[in-house]
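Working through the structure, step by step
In case you want the letters, here they are:
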Amino acid sequence: VQLQASGGGLVQAGGSLRLSCVVSGSIATIGNLYWYRQTLGEHRERVAAISSTGSPLYSDSVKGRVTISRDNSKSGVYLEMNSLKPEDTAVYYCHAQVQTYDGVWSGYWGQGTQVTVSS
């Protein structure tokens, strides 16, 4: 199972970015999907989550500025970020709960995509 994240970049404060992550491989079922972020020397922080039925959850730090969505037909999860702030600067990682064809559920991580917000 592989997760390919994309969409990061450099943006000015107040701007927007849309992150994408596609899950591929020997997948029977994709469960909950997540976006995390991490800055140097800090723990990885969960930013948003979306259940298999599409129910979203957000951290307080991004609530109202971020929208998580999923497209099950494309095995994709997306993070629309608006009104970006310099403190949103981090490497963003997607994470998926996946059931493979052997029936085993495991968590998988994408490679991370850098988001830099300039003031």
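Scroll up to find the structure.
Here the structure is a predicted model, which is why all the values come from computation and not from measurement. (Residues numbered from 1 in each chain as written. Predicted model: local features only at pLDDT ≥ 70, side-chain atom pairs only at ≥ 80, totals over all residues. Heavy atoms only, no water.)

1. Quick word on the packing of aromatic side chains
Stated precisely, the cut-off is as follows: Working definition: a ring pair exists when centres of Phe, Tyr or Trp rings (six-membered ring for Trp) sit within 6.5 Å. Plane angles under 30 degrees give stacked, over 60 give edge-to-face, the rest tilted. Two limits define a charge over a ring: the Lys NZ or Arg CZ must be within 6 Å of the ring centre, and within 35 degrees of the ring normal.
What the rule picks out here adds up to 3 aromatic pairs. Aromatic rings pair up to connect Tyr-34, Tyr-36, Tyr-93 and Trp-109 into one cluster. Directly above the ring of Tyr-93 sits Arg-44, whose terminal nitrogen or CZ lies 3.7 Å from the centroid. The aromatic ring of Trp-109 is capped on one face by Arg-44, whose charged end is 4.6 Å from the ring centroid.

2. A short note on the pattern of salt bridges
Any two side chains of opposite charge can pair, so long as their charged atoms come close to each other. For clarity, the threshold we go by: Salt bridges are defined by distance alone: a side-chain nitrogen of Lys or Arg within 4 Å of a carboxyl oxygen of Asp or Glu. Only DSSP runs of H or I reaching four residues or more are called helices, and only runs of E reaching two or more are called strands; each is numbered from the N terminus. The cut-offs for exposure are 20% and 50% of the maximum accessible area for each residue type, with area from a 1.4 Å probe on protein chains only; residues under the lower value are buried, those over the upper are exposed, and the others partly exposed.
Inspection of every chain in the model, using the stated rule, returns 5 salt bridges. We note a salt bridge from Arg-65 to Asp-88, for which the minimum N-O separation is 2.7 Å. With a gap of 23 residues between them, Arg-65 in the loop between β6 (56-58) and β7 (66-71) and Asp-88 in the loop between β8 (76-81) and β9 (90-100) connect regions that are remote in the sequence. There is no split in this pair, since Arg-65 and Asp-88 are both buried. Linked by salt bridges that have partners in common, Arg-37, Glu-45, Arg-65 and Asp-88 make up one network.

3. Brief notes about the pairing of β8
Spelled out, the test is: Whether two strands pair depends on DSSP finding at least two bridges between them.
In terms of residue burial, β8 counts as a mostly covered element, since 5 of its 6 residues are buried. With 6 bridges joining them, strand β3 (residues 17-24) and β8 adopt antiparallel strand pairing. Bridged to Arg-18 within β8 is Glu-80. Relative to β8, β7 is paired through 6 bridges, and the arrangement is antiparallel. Each residue of the ladder has a partner; that of Asp-71, found in β8, is Gly-76.

4. Observations concerning unusual backbone geometry
The phi torsion at Ser-75 lies on the positive side, around 55°, for a residue other than glycine. With respect to the helices, strands and loops of the structure, Ser-75 is situated in the loop between β7 and β8. A relative accessible area of 22% places Ser-75 in the partly exposed class. Phi is positive for Ser-83, which is not a glycine, with a value near 50°.

5. Let's talk about the state of the cysteines
Let me state the cut-off plainly: When two cysteine sulfur atoms are found within 2.5 Å, that pair is recorded as a disulfide.
Applying the stated criterion to the full structure yields 1 disulfide. Across the disulfide from Cys-21 sits Cys-94; the S-S distance is 2.1 Å. Note on the Cys-21 and Cys-94 pair: the S-S dihedral is about 60°, so by sign convention the disulfide is right-handed. Of this pair, Cys-21 sits in strand β3 while Cys-94 sits in strand β9, and the two are 73 residues apart along the sequence.

Taken by themselves, the reported measurements are silent on function.
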